[in-house]
Amino acid sequence: MVTLTALETTAPETAAPAASDGGAAPTVVDLADAPVRSLNQALHDAVDGQSWTITSPGGKHSLAVGINADVAVTIEGHAGYYAAGMHQKGSVTVTGNAGVGLAENMMSGTVHVKGDASQSAAATGHGGLVVIDGNAGARCGISMKGVDIVVGGNIGHMSAFMAQAGRLVVCGDAGDALGDSIYEARIYVKGTVASLGADCIEKPLREEHLAELVELLSAAGRTDNPADFKRYGSARNLYHFHVDNSTAY
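Just so it is clear, the structure is predicted and the values come from calculations on it, not from any experiment.

Criteria and cut-off values
- Residues numbered from 1 in each chain as written.
- Predicted model: local features only at pLDDT ≥ 70, side-chain atom pairs only at ≥ 80, totals over all residues.
- Heavy atoms only, no water.
- Helix = DSSP H or I, 4+ residues; strand = E, 2+ residues; numbered from the N terminus.
- Buried < 20%, exposed > 50% of the residue type's maximum accessible area, 1.4 Å probe, protein only.
- Contact = heavy atoms within 4.5 Å.
- Areas by Shrake-Rupley, 256 points an atom, 1.4 Å probe, with all protein chains shown as cover.
- Polar contact = N/O pair within 3.5 Å; in protein donor to acceptor, adjacent residues only side chain to side chain.
- Expected span 1.5 Å × (residues − 1).
- Arc of directions from axis to C-beta.
- Salt bridge = Lys/Arg side-chain N within 4 Å of Asp/Glu carboxyl O.
- Pairing = 2+ DSSP bridges.
- Phe/Tyr/Trp six-rings, centres within 6.5 Å; stacked < 30°, edge-to-face > 60°.

1. Observations concerning the overall build of the protein chain
1) Next: Across its full length, the protein chain carries three helices and twelve strands.
2) Next: Out of the 249 residues belonging to the protein chain, those deemed buried represent 48%.
3) Next: Considering only contacts within the protein chain whose residues lie at least 6 apart along the sequence, 26% involve residues at least 24 apart.
4) Next: With an accessible surface of roughly 11,000 Å², the protein chain has 50% of that area assigned to carbon and sulfur atoms.

Encoded structure:
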């Protein structure tokens, strides 16, 4: 195990020395002593195959952002705003809760929160998988552009607002205005939906969708029955101009 102190910037060649079993020993960053800027710079300098553990996160903001190497990062505790933002490779696991903007603009890889996530989780995400074991707040997956999101609990209002592509799986309930102004993203909800947003409707759950749910639930480590979910998506009525929706001057 290697520990990064407040005075160190761990270079890629020294960040993860060989362990006795032939694998890479984890680099431990204690944020009680090290600044977040040093942590993120070290992660930006990381190379594929490294393992990192972040202790004493204390709800600090912008932890583990912009990762562009196939590394495994575990944040032991709660993360603040914008944790794992712009994530591109590897995996980030938060053992506690995460604040606003988790995995915002994520491109690929995996982000896993074992607690709850606040508002706007995975907003504008282009790819990859976000797993939230607990609940997610309002606007989960807004403007998602290809990311997959699996929430073990409930989600708040205005989730999947203007969602363009990707899949949102909710194993609990969904708040008001789900999928408002949705494009071609797919939404699956196991529980109840408080209300659907503009142009969002319930759609048939066919075999292809059941197979999709099996894949997503398995990737999230869940055992829910896909047949218990309902599917929601765009009615495609907002795609076309209609004179009744125009304003006369």
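Following the structure, the description resumes.
2. With respect to unusual backbone geometry
For residues other than glycine, phi is negative in most cases, and the peptide bonds are mostly trans.
1) Next: Not every positive phi belongs to a glycine, and Ser 56 is a case in point at roughly 50 degrees.
2) Next: Along the chain, the position of Ser 56 falls in the loop between strand E3 (51-55) and strand E4 (72-75).
3) Next: Residue Ser 56 is classed as partly exposed on the basis of its relative accessible area, which comes to 37%.
4) Next: A positive phi angle, near 70 degrees, is found at Asp 199, a position not held by glycine.
5) Next: Positionally, Asp 199 belongs in the loop between strand E10 (186-189) and strand E11 (200-203).
6) Next: Note on Asp 199: relative accessible area 12%, which makes it buried.

3. Some points on the side chain of Ser 234
1) Next: Along the chain, Ser 234 falls in strand E12 (residues 230-234).
2) Next: Among the polar contacts listed, one links the side chain of Ser 234 to the side chain of Asp 199, at a separation of 3.3 Å.
3) Next: Within the structure, Ser 234 has its side chain in polar contact with the backbone nitrogen of Arg 236 (distance 2.9 Å).

4. Overview of helix H3 (residues 207-219)
Given 3.6 residues per helical turn, the α-helix brings residues three or four places apart onto the same face.
1) Next: Under the 1.5 Å per step criterion, the end-to-end length of H3 is 18 Å for 13 residues, consistent within 8% with the ideal 18 Å.
2) Next: Where H3 is concerned, the buried positions are His 209, Glu 212, Leu 213, Leu 216 and Leu 217. Along the long axis of H3, the arc covered by the buried residues comes to 125 degrees, so they all point the same way. For H3, the exposed residues lying more than 90 degrees away from the buried face are Glu 207, Ser 218 and Ala 219.
3) Next: Structurally, H3 contributes buried residues whose contacts are with strand E8 (145-151), strand E9 (165-170), E10 and E12.

5. Here's the deal with the pattern of salt bridges
1) Next: Throughout the structure, instances matching the rule amount to nine salt bridges.
2) Next: We note a salt bridge from Lys 190 to Asp 224, for which the minimum N-O separation is 2.9 Å. Here the residue Lys 190 occupies a position in the loop between E10 and E11, and Asp 224 occupies one in the loop between H3 and E12, the gap between them amounting to 34 residues.
3) Next: The class for Lys 190 is partly exposed, based on a relative accessible area of 32%.
4) Next: What you see here is one network of salt bridges that share partners, running through Asp 148, Arg 167, Arg 186, Arg 206, Glu 208, Glu 212 and Glu 215.

6. Section: the pairing of strand E5 (residues 91-94)
1) Next: Pairing geometry for E4 and E5, over four bridges, is parallel. Bridging across to E5, Ala 72 finds its partner in Ser 91.
2) Next: One ladder, built from four bridges, connects E5 with strand E6 (residues 110-113); its direction is parallel. Counterpart to Val 92 in the pairing with E6 is Val 111.

7. Focus: the packing of aromatic side chains
1) Next: Scanning all chains against the criterion turns up one aromatic pair.
2) Next: With a centroid separation of 6.2 Å and 85 degrees between ring planes, the pair formed by Tyr 81 and Tyr 82 is classed as edge-to-face.
3) Next: Accessibility expressed as a relative area gives 42% for Tyr 81, which makes it partly exposed.
4) Next: With a relative accessible area of 36%, Tyr 82 lands in the partly exposed category.

Just distances and angles here, no functional claims.
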